[in-house]
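What the coordinates show
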Amino acid sequence: MPENATEVTAAGIARLAGVGRAAVSNWRRRHADFPKPVGGTETSPSFALPEVEQWLRDQGKLAEVPLRERVWQQLAGHPAGAVPALFHVGCALLLVRERPSAWREIAGVSDERMAGVLPLALNEVLAARFGPASGAGRAVHSPDRSELLPSVPLLRGAAELAAAAGVRETFEFLLGRQLDANPRQYTLTPPGLAELMAALAVSGGRPARTVLDPAAGTGALLGAVSRPDALYAQESDPDLAALTGLRLALHTDSAGCTLAVRTGDTLRADAFPGLTADAVLCHPPFNERNWGHDELAYDPRWEYGFPARTESELAWVQHALAHLHEGGTAVLLMPPAAASRRSGRRIRADLLRRGALRAVIALPAGAAPPYGIPLHLWVLRKPDAGPHPSPEILLVDTADTAEPASSQSGRDRLDWPALHAAVLDAWRPFSGESGESGESGEGAETGGAGEANGAGETGGASEAGGAGEAGATGAHGGNLANGESVRPRLGTSRVVPVIELLDDDIDLAPARHLPAAAAADGPAELIDVRERLTKSLGLAGRLTPPPVEVSAPARWPLTTVGELARAGALQLRTGGSGSGTAPVLTEYDVLGSTAPSGSLPADGPHEEPVLVEPGDVVVPVLGGGSVARVIDDATAGAALGRNLQLLRPDPAALDPWFLAGFLRGTANNRQASSHASTATRLDARRLQLPRLPLAEQQRYGERFRTLAAFEDALRLAGQLGGRLVQGMYDGLTDGTVTPK
């Protein structure tokens, strides 16, 4: 094997061949000529990529490695590690974009020569974008020859990929793969949330030309800002700061946007002490005790009070306000406890009295990590020197506005367009913006929030209350500069006089101050739910299986899915890749029997996703449950999501409902599953089927189809029954329903 050859793990081999990791383990056991490990550990060995590719080709399991996979495997197996390799790729891609002729000239020489001349060219490009290398705290350093030499083949491949897919898209693809491969190493801000925060920062027609993110992370927040003049970022992790700087450099125009990225502890060592910006966007670390409480007692940033040791988030709030122009806007992602902890009530009270805190927005659980907690957005405005602070604050609760399409909940399950619309429809009138004036963040342009959705298209979130609802808020209808007033959106938003909140607790949790929503949208909705439940129960009764006839266990000759695939009776495909506009069938959709609810990434090199067709059978590979879904005409055309395996039977050999039914057998799933310390994984190739004639398969398939319809009816009845019961409880307790 050549020295410094790229190594690949079993997971990488599985991705190359389009199979599960269990299949790779089987190959290692069954094939004596499978490549031997060249590194890694006994439990996680690594293999030489050229040897693996050759073996896969010899076995007929790989025709050609896609360029994007080859580049990724080179990056993941880099001898210095994936992060330094990704940094080198980012530097090279910046050179490709800024000086393409220089790159072509450099790439035309040998690897040894290229490693010698590349540092000078990279230094010139990096200095032009980030300032001189001697600049204080510059996060993006210039790599030298010894660092670049092992990366030259990778850089050539990345440049080739960029020529086909685009420079920015190539870096986003590789960075995304790195973040997905190390989910516990990075705290991410989802794109939908970043776009919403950027849209909130552009309010009242004030364009955000200079924007600061003091806890930049991966740069998602600054990347969501539309057409900025200057971006400023600080990040404590030097490696992440360098990657973020390159990401932003590739995202923005070098001629039109100043970019400054610094490394350091923001609260202890502010890299931009004299900076005042139009907007500050921040996703700060939560619940930090070691944030500098003892060293920073007399820091001038604590204009609203010295934060307690347990109130690190309020330190970030005041840091953001200290870096704003008068009238500038800051948007921070906050834990819900920061709105009600007693240790922070004095600072919260001063923020309210002086008009600095303008809105608290409760997000649904799953909007950002930690995904199980409904986080808050705080929108702040730097008070001007005038004597009239705002006497009101906007409280918004979106917990029920962006419910997922199915009964499953969690990350990547939110209806972001509906959430954007609900928040911005409440915020823009309150902030004095019509919804069409001024410039907005990139999310408002691409996410369709607010402007793309008319009033009333968000499930009731944007419907204004009537006279009775306005009366519930008294005189604080939110009188605006344009003479209009903000009416409360029942159960979703309310403009609250500050005086109402200045009690002993200073509790800013929106749910505590919003007018209650009517039970299940009112008694009329309860009547409709009851009628639908009655129909669903009737259907379930008609579909109830007849009494069974007990017989001895059958002794069919058996085959496996793997054997059927090798014989051509079915095809096996793995989901989770691709880009485009098709909806994505997720594992939650399969488990909940709902419509496709996911979406494909817009960025990254183009790759055709696996699209499902009528008659396909889809099974989840994680979780240990016995679930199989037959694709119908309504679901056909969706992309296959992550952690799903597709089985495409030949109709002349296999009935799809027969296939799906036998795959759901408990004993069948148990023998085909393997168990890790935290999860159960299904190897679809090991699932067994009886060898039966097609006519007999169809007889079983019809019975399985009826069972699936019965199951769907029971599921719908359970959901409707739950809505009816909760709606009755709510109606009886708020007086909209009377006992009979």
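Here's a quick rundown of the structure. (Residues numbered from 1 in each chain as written. Predicted model: local features only at pLDDT ≥ 70, side-chain atom pairs only at ≥ 80, totals over all residues. Heavy atoms only, no water.)

Structural notes on the overall build of the protein
Looking only at helices and strands, one finds 25 helices and 23 strands in the protein. Looking at the protein as a whole, 51% of its 740 residues qualify as buried. Sequence separation of 24 or more characterises 72% of the internal contacts of the protein that already satisfy a separation of 6 or more. Only carbon and sulfur atoms are counted for the fraction: they give 51% of the accessible area of the protein, which is about 33400 Å². (Helix = DSSP H or I, 4+ residues; strand = E, 2+ residues; numbered from the N terminus. Buried < 20%, exposed > 50% of the residue type's maximum accessible area, 1.4 Å probe, protein only. Contact = heavy atoms within 4.5 Å. Areas by Shrake-Rupley, 256 points an atom, 1.4 Å probe, with all protein chains shown as cover.)

With respect to the pattern of salt bridges
Per the counting criterion, the structure on display carries 27 salt bridges. The partner of Arg145 in a salt bridge is Glu112, with the nearest N and O atoms 2.1 Å apart. On the criterion of sequence distance, the pair formed by Arg145 in helix 8 (residues 145–148) and Glu112 in helix 7 (residues 111–130) is long-range, its members being 33 residues apart. Residue classification places Arg145 among the partly exposed residues on the basis of a relative accessible area of 35%. Overall, the relative accessible area of 45% leaves Glu112 in the partly exposed class. The partner of Glu696 in a salt bridge is Arg699, and the shortest N-O contact between them spans 2.7 Å. Of the two residues, Glu696 and Arg699 both sit in helix 25 (residues 694–734), three residues apart, roughly one turn of that helix. (Salt bridge = Lys/Arg side-chain N within 4 Å of Asp/Glu carboxyl O.)

Brief notes about the sheet that holds strand 11 (residues 392–397)
Pairing is mixed across the open sheet formed by nine strands, whose spatial order is 6-5-4-7-8-10-9-11-12. In this open sheet, the two strands that pair with only one neighbour each are strand 6 (258–263) and strand 12 (493–497). Strand after strand, the sheet turns through a mean of 15 degrees between neighbouring axes, direction not considered. Sheet topology places strand 9 (residues 357–362) next to strand 10 (residues 376–381); five bridges connect them, and they run antiparallel. Residue Ala362 lies in a different strand from strand 10, and its bridge partner there is His376. (Pairing = 2+ DSSP bridges. Axes fitted to C-alpha atoms, helices over the stretch in contact; angles between N-to-C directions.)

As for the packing of helix 4 (residues 67–76) against helix 9 (residues 152–165)
Where helix 4 meets helix 9, the closest approach of the two axes is 9 Å, and the angle between their N-to-C directions is 150 degrees. By the angle between their axes, helix 4 is roughly antiparallel relative to helix 9. Taken as a pair, helix 4 and helix 9 cross one another with a handedness that is left-handed. Together, Leu67, Arg68, Val71, Gln74 and Leu75 of helix 4 and Pro153, Leu154, Gly157, Ala158, Glu160 and Leu161 of helix 9 make up the contact between the two elements. For the contact of helix 4 with helix 9, the residue count by class is seven nonpolar, two polar and two charged. (Parallel < 35°, antiparallel > 145°, perpendicular 65-115°, else oblique. Left-handed = near helix turned anticlockwise from the far one by under 90°. Nonpolar A, V, L, I, M, F, W, Y, C, P; charged D, E, K, R; others polar.)

Focus on the packing of helix 7 against helix 9
Put simply, helix 7 and helix 9 touch, their axes get as near as 10 Å, and they point 85 degrees apart. In terms of their interaxial angle, helix 7 and helix 9 are classed as roughly perpendicular. In this structure, helix 7 contributes Asp111, Met114, Ala115 and Leu118 to the contact, and helix 9 contributes Val152, Pro153, Leu155 and Arg156. In terms of residue class, the contact of helix 7 with helix 9 is built from six nonpolar, no polar and two charged.

Let's talk about the sheet that holds strand 1 (residues 7–9)
Read across the open sheet, the three strands follow the order 1-3-2; overall the sheet is antiparallel. Each having just a single partner strand, strand 1 and strand 2 (39–40) make up the two edges of the open sheet. With respect to the sheet, helix 1 (residues 10–17) is in contact with strand 1 and strand 3 (45–48), its orientation differing from that of strand 1 by roughly 90 degrees.

Observations concerning the side chain of Ser151
Within the secondary structure layout, Ser151 lies in the loop between helix 8 and helix 9. In this structure, Ser151 is in contact with His78 and His88, ignoring residues within four places of it in sequence.

Focus on the packing of aromatic side chains
How two aromatic rings sit relative to each other is set out by the distance from centre to centre and by the angle between their planes. Under the definition given, this model contains 13 aromatic pairs. Ring geometry for Trp556 versus Tyr700: centroids 5.9 Å apart, planes at 85 degrees, classification edge-to-face. Of the two residues, Trp556 sits in the loop between helix 20 (523–543) and strand 13 (558–560) while Tyr700 sits in helix 25, which places them 144 residues apart along the sequence. Overall, the relative accessible area of 26% leaves Tyr700 in the partly exposed class. The structure contains a cluster of three or more aromatic residues connected by ring pairs, namely Trp556, Phe658, Phe662, Tyr700 and Phe704. Against the face of Phe173 rests Arg68, its NZ or CZ located 4.0 Å from the ring centre. (Phe/Tyr/Trp six-rings, centres within 6.5 Å; stacked < 30°, edge-to-face > 60°. Lys NZ or Arg CZ within 6 Å of the ring centre and 35° of its normal.)

Quick notes on the side chain of Lys382
Tracing the sequence through the fold places Lys382 in the loop between strand 10 and strand 11. Within the buried core, Lys382 has no salt-bridge partner, and the shortest N-O distance to an opposite charge, that of Glu303, equals 5.4 Å. At 3.3 Å, the side chain of Lys382 and the backbone oxygen of Leu321 are in polar contact. Not counting residues up to four positions away in its chain, the partners in contact with Lys382 are Leu321, Ala322, Leu324, His325, Glu326, Gly327 and Gly328. (Lys, Arg positive; Asp, Glu negative; His and termini not counted. Polar contact = N/O pair within 3.5 Å; in protein donor to acceptor, adjacent residues only side chain to side chain.)

Some thoughts on the environment of Val496
The topology assignment puts Val496 in strand 12. The exposure class assigned to Val496 is buried, which follows from its relative accessible area of 0%.

What to know about the nonpolar core
In this structure, Leu200 and Leu377 are the most contacted members of the largest nonpolar core, which totals 96 residues. It is helix 5 (residues 82–98) that provides the largest number of residues to this core, a total of 12 residues. If sequence neighbours within four positions are ignored, Leu377 has contacts with Leu193, Leu196, Met197, Leu200, Val331, Leu332, Leu333, Ala359, Val360, Ile361 and Leu363. Of all hydrophobic cores here, the second largest spans 43 residues; its members include Cys282, Ala320, Ala349 and Leu501. (Core = buried A, V, L, I, M, F, W, Y, C linked by side-chain atoms within 4.5 Å.)

Topic: unusual backbone geometry
Look at the link from Pro369 to Pro370: it is a cis peptide, with omega at -5 degrees. Checked against the element boundaries, Pro370 lands in the loop between strand 9 and strand 10. Positive phi, close to 50 degrees, is recorded for Arg227, a residue that is not glycine. For Ser593, which is not glycine, the phi dihedral falls at a positive 55 degrees. Note on placement: Ser593 falls in the loop between helix 22 (587–592) and strand 16 (598–599). On the basis of relative accessible area, Ser593 is assigned to the partly exposed category, the value being 33%.

Nothing here speaks to function; it is all geometry.
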